[in-house]
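Residue-level listing of the chains:
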Amino acid sequence: MDATAMNLDRAGRKQRRLRLILGFVLLLAVVGALAVGVAMGGQNTGIFDGEPPRWASNVGRVLVILGVIVEVAAVVWAVRTGRHRAARRSPLLTLSWSHRRRLARQVRRGTPGADEDPALLVETARQFADQRWFVVLVGGLAMTSVGQAFLGFAPFFAVIGGLLLVIWTVLTVSVLRNARRGEAFLRDRPDLSGR
């Protein structure tokens with residue numbers, strides 16, 4: 001692969017990462033707007049229950065419906081492409097939790113142990129690389145959660161929606177980082193993946 005193709009690939013990855021970050025910032029802004037709206041006093045808004053204004057109700061319904069559509073589409077896609085089945089047939093499932101964590105640590109750091117089975121390291125790296133689809137599912141869950149916060153229109157739902165959004169953001173960043181590290185592990189060690 002020449003330098004121009006590698007630079008284009010990096011630029012494409014940076015653009016995708018930027019779009020993802022902007023999407024989560026937008027969702028955080030929506031939850032923040034909801035929190036401000038609730039704090040400013042909605043109609044009959046209590047701590048656990050509120051009566052959302054028409055705009056909040058409409059936004060909530062749209063986000064819930066879009067979130068469910070995205071979630072269902074992600075699950076259907078994962079089933080149709082065989083991604084969920086591939087994980088169930090993995091030889092890693094027979095290993096102990098501590099052994100899987102050790103393999104994952106070696107792949108993340110890019111330092112395979114001398115006594116480690118290369119096939120298990122490659123399988124761990126492939127699983128990391130194949131988990132990108134999970135980000136779409138998490139995005140659907142985040143939309144559904146924010147929509148439910150708008151429908152509830154109470155401080156409790158705004159706080160829970162915000163906490164879930166933060167958790168899903170951390171999960172998304174972790175999955176994408178592990179995917180990059182898994183791809184780098186496979187790319188840097190073709191001798192292991194060729195066995």
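This text follows the structure it describes.
Just so we're clear, the structure is a prediction, and the values are computed from it rather than from any experiment.

A.B. asks: Which residues make up the overall build of the protein chain, and what values go with them?
C.D. replies: In terms of helices and strands, the protein chain carries eight helices and zero strands. Along the protein chain, helices and strands appear, N-terminal first, in the series α-α-α-α-α-α-α-α. When burial is assessed residue by residue, the protein chain has 34% of its 195 residues classed as buried. Taking contacts inside the protein chain between residues at least 6 apart in sequence as the whole, the part at least 24 apart equals 78%. When the accessible surface of the protein chain is summed, it comes to about 12000 Å², and 63% of that surface belongs to carbon and sulfur atoms.

A.B. asks: Quick rundown of a positive patch on the surface? Include the residues and the values.
C.D. replies: Among the surface-exposed residues, R101, R105, R108, R109, R177 and R181 lie close enough to one another that they form a single positively charged patch. When residues of the positive patch are traced back to their parent elements, those giving at least two are helix 4 (97–109) and helix 7 (155–188). With four residues, helix 4 is the largest single contributor of residues to the positive patch. Inspection of the secondary structure puts R181 in helix 7.

A.B. asks: Let's hear about the packing of aromatic side chains: which residues, and what values?
C.D. replies: All told, the structure shown has two aromatic pairs when counted by the stated rule. Ring geometry for W133 and F134: centres 6.0 Å apart, planes at 85 degrees, overall edge-to-face. By relative accessible area, which is 22% here, W133 ends up partly exposed. The class for F134 is partly exposed, based on a relative accessible area of 29%.

A.B. asks: Pulling in residues and values, what's your account of helix 4?
C.D. replies: Because an α-helix completes one turn every 3.6 residues, residues spaced three or four positions apart along the sequence face the same direction. Between its terminal C-alpha atoms helix 4 stretches 18 Å, which fits the 18 Å expected from 13 residues at 1.5 Å a residue. By the burial criterion, the buried members of helix 4 are H99, L103, A104, Q106 and V107. Buried residues along helix 4 cover an arc of 160 degrees about the axis, so they all sit on one side. Away from its buried face, by an angle of more than 90 degrees, helix 4 presents the exposed residues W97 and R109. Against the buried residues of helix 4 lie helix 5 (118–129) and helix 7.

A.B. asks: Report on the pattern of salt bridges, specifying residues and quantitative values.
C.D. replies: Pairing is possible between side chains that carry opposite charge, provided their charged atoms lie close to one another. In total, this model carries two salt bridges according to the counting rule given. With a shortest N-O distance of 3.4 Å, R102 and E116 are connected by a salt bridge. Of this pair, R102 sits in helix 4 while E116 sits in the loop between helix 4 and helix 5, and the two are 14 residues apart along the sequence. Classification of E116 by relative accessible area gives buried; the value is 10%.

A.B. asks: Describe the packing of helix 4 against helix 5, naming the residues involved and giving the relevant values.
C.D. replies: It is the contact of helix 4 with helix 5, at a shortest axis distance of 9 Å, that shows an interaxial angle of 75 degrees. Here helix 5 runs roughly perpendicular to helix 4, going by the angle between their axes. Across the interface between the two elements, H99, L103, A104, Q106, V107 and R108 from helix 4 touch L120, L121, T124, A125 and F128 from helix 5.

A.B. asks: I'd love a proper account of the side chain of T172, names of residues and values included.
C.D. replies: For T172, the position within the fold is in helix 7. With a relative accessible area of 2%, T172 lands in the buried category.

A.B. asks: Tell me about the environment of T94, and name the residues and values.
C.D. replies: Note that T94 resides in the loop between helix 3 (83–88) and helix 4. A polar contact of 2.8 Å, which involves the side chain of T94, links it to the backbone oxygen of P91.

A.B. asks: Which residues make up a nonpolar patch on the surface, and what values do they have?
C.D. replies: Nonpolar side chains collect at one region of the surface, where V62, I65, L66 and I69 lie side by side and expose about 360 Å² of accessible area between them. Checked against the element boundaries, V62 lands in helix 2 (residues 54–81). Since its relative accessible area comes to 47%, V62 is described here as partly exposed.

A.B. asks: I'd like a rundown of the packing of helix 5 against helix 7, residues and numbers included.
C.D. replies: In contact at an axis separation of 7 Å, helix 5 and helix 7 are set at 140 degrees when each is read in the N-to-C sense. The pairing of helix 5 with helix 7 is recorded here as oblique in orientation. The two elements helix 5 and helix 7 meet at a crossing, and its hand is left-handed. Mapping the contact onto sequence places L121, V122, A125, R126, F128 and A129 in helix 5 and N178, A179, G182, E183, F185 and L186 in helix 7. A breakdown of the residues in the contact of helix 5 with helix 7 according to their chemical character gives eight nonpolar, two polar and two charged.

Definitions and cut-offs
- Numbers given to residues run from 1 along each chain, matching the order in which its sequence is written.
- The predicted nature of this model means local features are confined to residues of pLDDT at least 70 and side-chain atom pairs, given and counted, to a pLDDT of 80 or more, with totals for whole chains, interfaces and linings taken over all residues.
- Values shown for side chains rest on all heavy atoms present in the structure; no hydrogens or waters enter the calculation.
- Secondary structure elements follow DSSP: runs of H or I no shorter than four residues count as helices, runs of E no shorter than two count as strands, and numbering proceeds from the N terminus.
- For each residue, the accessible area found with a 1.4 Å probe, counting protein chains only, is set against the maximum for its type, and the residue is called buried under 20%, exposed over 50%, and partly exposed in between.
- Note on contacts: a residue pair is in contact if any heavy atoms of the two residues lie within 4.5 Å.
- The Shrake-Rupley method, run with a 1.4 Å probe, gives the accessible areas here. Residue values count only the displayed protein chains as cover.
- For patch detection, residues must exceed 30% relative accessible area and be free of salt bridges, and they are connected within 9 Å for like charges or within 5 Å for nonpolar side chains (Val, Leu, Ile, Met, Phe, Trp, Tyr).
- A side-chain nitrogen of Lys or Arg and a carboxyl oxygen of Asp or Glu constitute a salt bridge if their distance falls within 4 Å.
- Within this scheme the basic residues Lys and Arg register as positive and the acidic residues Asp and Glu register as negative, but His and the chain ends are omitted.
- Where a charge sits is defined by one atom per residue type, namely NZ (Lys), CZ (Arg), CG (Asp) or CD (Glu).
- Only the six-membered ring of Trp is used, alongside the rings of Phe and Tyr, when aromatic pairs are assigned; centres must lie within 6.5 Å, and planes under 30 degrees apart are stacked while those over 60 apart are edge-to-face, with the rest tilted.
- One less than the residue count of a helix, multiplied by 1.5 Å, gives the span that helix is expected to have.
- This arc corresponds to the set of directions leading from the helix axis out to the C-beta atoms.
- Orientation is described by lines fitted to C-alpha atoms, with helices fitted over the stretch in contact, and by angles between N-to-C directions that extend from 0 to 180 degrees.
- Should an angle lie under 35 degrees it is considered roughly parallel, over 145 roughly antiparallel, and from 65 to 115 roughly perpendicular; all remaining angles are considered oblique.
- Whenever a nitrogen or oxygen atom comes within 3.5 Å of another N or O atom, the pair is scored as a polar contact, on the condition that within protein one atom can donate a hydrogen and the other can accept it, and that pairs from neighbouring residues in sequence are kept only if both atoms are in side chains.
- Crossing handedness: left-handed means the near helix sits turned counterclockwise from the far one by under a right angle, and right-handed means the same turn made clockwise.
- Three classes are used: nonpolar for Ala, Val, Leu, Ile, Met, Phe, Trp, Tyr, Cys and Pro, charged for Asp, Glu, Lys and Arg, and polar for all others, with Gly counted as polar.

Everything listed here is a matter of coordinates, which is why it stays silent on function.
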